[in-house]
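Understanding the architecture of this molecule
The chain contents come next:
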Amino acid sequence: AKRAGGGNYAVFASHMGGDAGAQLELQSDLRKALDREQFVLHYQPKIDGRTQRISGVEALVRWNHPERGMIGPISFIGLAERFGLIVRLGDWVIEEACRQMAAWQREGMPLRVAVNLSVLQLRESGLADRLADALRRHGVPASQLLCEITESVAMEDIGATRRTFEGLARIGVYLSIDDFGTGYSSLSQLRQLPARQLKIDRSFVQELETQEDARAVVEAVVRLAHALGLSVVAEGVETEAQRAILLAMGCDELQGFLFAKAMPAADVMRWSLDGGF
Ligand code: C2E
Ligand code: CA
Ligand code: CA
Ligand code: CA
C-alpha cells in the first residue's frame, strides 16, 4: 500500500521539525484523537447535471486538533495508514456517516452519502459485514451509501478488489471508482467490477478549457462509462466554462468549488434549501 501517504508524511513530519520525537508525538496524538473523537466529517454537495439540484454529498474527514486547529486529510490519512490506525478511523467515518444519514432522513431530507475507503480497509476482511451492521443499526438503506475507491487502488490487485466489491455490492452499497483517469485501468478490468459510478479526476477537469487532450479523455470516459452502464461524476469543477463543457458531454453529476466546498453537516440542509448555489 504505497500511496501518496509517504509524501504526505514527509510534508507533515517536516512541519513538525522532522525528527523522530515529533513523529512519535503525532502518532500518539492520532491515537488519542481516535479515543477522544477529535475527527469530524464535512460534506461536499454533488449536483445533478439535469436538475441542477443536490444529488448527494461526499463525506470528507477533518481532524479538529486541540492545538493545531482543523487539519485536512492529506496531512494524516497517510500517517493513519502507516501507523495501523486507518481501519479504526475508517470505521469511525462509516459510523458517523450512517448516523448523519439517519439524522437527515429523520429531518425529511434523505441524502445519498459517499465515503472514501483506504486500500487497507478494502483489504481487511469483514468490511462488508461492518458496513451492513452500521447501516442496520442506524436504519439507513444500503443504496443510500456510496463507497469511493481510487482507481489505482482498485486496479492494484483486481482479484482482491473484485471479491471485496462483490461483497459490498451484495449488501446493496453502491461503488464508485474515484480519481478515474489516473490509474490506467483496462476495459476488461473495469468490466470485472460491479461499480456504479466513475469519478473523473480533477486534473482532467482543470485542463478542460485549455488542453485538447484533456477534453478528449473526458469525452471518452463519459462515453465508456455510459456504455458500461455507469454514471459519471466530475470532481473539482471550479468554473462556469468547465460546468458547461461537462454538461454538454453528458456528465451526470458535478462536484467542486463552483457549487460548494465541503461544509459541516449542519450547513448542508440550509445550503440546499437556500437553492444551493
Ligand atoms: P478526494 O476523494 O479526491 O476528495 C476530493 C478533494 O478535493 C477534497 O479534499 C475536496 O475538498 C477537494 N475539492 C473538491 N472540490 C474541489 C475544487 O473544485 N477544487 C479543488 N482545488 N479541490 C476540490 P480533502 O477534503 O482535502 O480530501 C483530500 C483527500 O483525502 C480525498 O481526495 C480523499 O482521498 C482523502 N480522504 C478524505 N476523507 C477521507 C476518509 O474519510 N477516508 C479516507 N481513506 N480518505 C479520505
Ligand atoms: Ca473521493
Ligand atoms: Ca476524487
Ligand atoms: Ca482527486
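The paragraphs below set out a description of the structure included in this document.

Criteria and thresholds
- Residues numbered from 1 in each chain as written.
- Chains lettered and ligands numbered in written order.
- Predicted model: local features only at pLDDT ≥ 70, side-chain atom pairs only at ≥ 80, totals over all residues.
- Heavy atoms only, no water.
- Helix = DSSP H or I, 4+ residues; strand = E, 2+ residues; numbered from the N terminus.
- Rg over C-alpha atoms; globule rule 2.2 N^0.38 Å.
- Buried < 20%, exposed > 50% of the residue type's maximum accessible area, 1.4 Å probe, protein only.
- Contact = heavy atoms within 4.5 Å.
- Areas by Shrake-Rupley, 256 points an atom, 1.4 Å probe, with all protein chains shown as cover.
- Salt bridge = Lys/Arg side-chain N within 4 Å of Asp/Glu carboxyl O.
- Pairing = 2+ DSSP bridges.
- Right-handed = clockwise from strand over helix to strand, strands pointing away.
- Donors = N, O, S within 2.8 Å, 3.2 Å for Na, K, Ca; no water.

Secondary structure summary: the chain contains 13 helices and 10 strands in total. Computed over C-alpha atoms, the radius of gyration of the chain comes to 19 Å, within 12% of the 19 Å expected from 2.2 N^0.38 for 277 residues, which places it in the range of a compact globule. Overall size of the chain, expressed as C-alpha extent along the three principal axes, is 50 × 40 × 35 Å. Taken over 277 residues, the chain has a buried fraction of 52%. Sequence separation of at least 24 residues holds for 67% of the intrachain contacts in the chain that already meet a minimum separation of 6. For the chain, the exposed area adds up to about 12,800 Å²; of that, 49% sits on carbon and sulfur atoms.

So, on to the pattern of salt bridges. Inspection of the entire model under this criterion finds 12 salt bridges. Glu95 is the salt-bridge partner of Arg137, the closest N and O atoms lying 2.9 Å from each other. Remark: Glu95 occurs in helix 4 (residues 86-106) and Arg137 occurs in helix 6 (residues 127-138); sequence separation between them is 42 residues. Take Glu95: its relative accessible area is 27%, and that puts it in the partly exposed class. Across the pair Arg136 and Asp133 runs a salt bridge, and its minimum N-O distance is 3.5 Å.

Judged by which residues are buried, strand 7 (residues 197-200) turns out to be covered on both faces: Gln197 and Lys199 on one side and Leu198 and Ile200 on the other are all buried. Relative to strand 7, strand 6 (residues 174-180) runs parallel, the two sharing 3 bridges. Bridge pairing in strand 7 links Ile177 to Leu198. Remark: the strand 6/helix 9 (residues 187-192)/strand 7 crossover connection has right-handed handedness. Pairing between strand 7 and strand 8 (residues 231-234): 4 bridges, direction parallel. Residue pairing in the sheet places Gln197 in a bridge with Ser231 of strand 8.

The next subject is the coordination of the calcium ion (ligand 4). Note on the calcium ion (ligand 4): its protein donors are Asp179 (OD), Asp201 (OD) and Glu235 (OE). The metal-donor distances range over 2.3 to 2.8 Å. Sequence positions of the donors to the calcium ion (ligand 4) reduce to the motif D-x21-D-x33-E. Taken as a pair, the calcium ion (ligand 4) and the calcium ion (ligand 3) lie 3.2 Å from each other and share Asp179 as a ligand. Taken together, the residues span a long stretch of sequence, with Asp179 in strand 6 and Asp201 in the loop between strand 7 and helix 10 (202-207) at a distance of 22 residues. For Asp179, a relative accessible area of 22% gives the class partly exposed. The class of Asp201 is buried, set by a relative accessible area of 12%.

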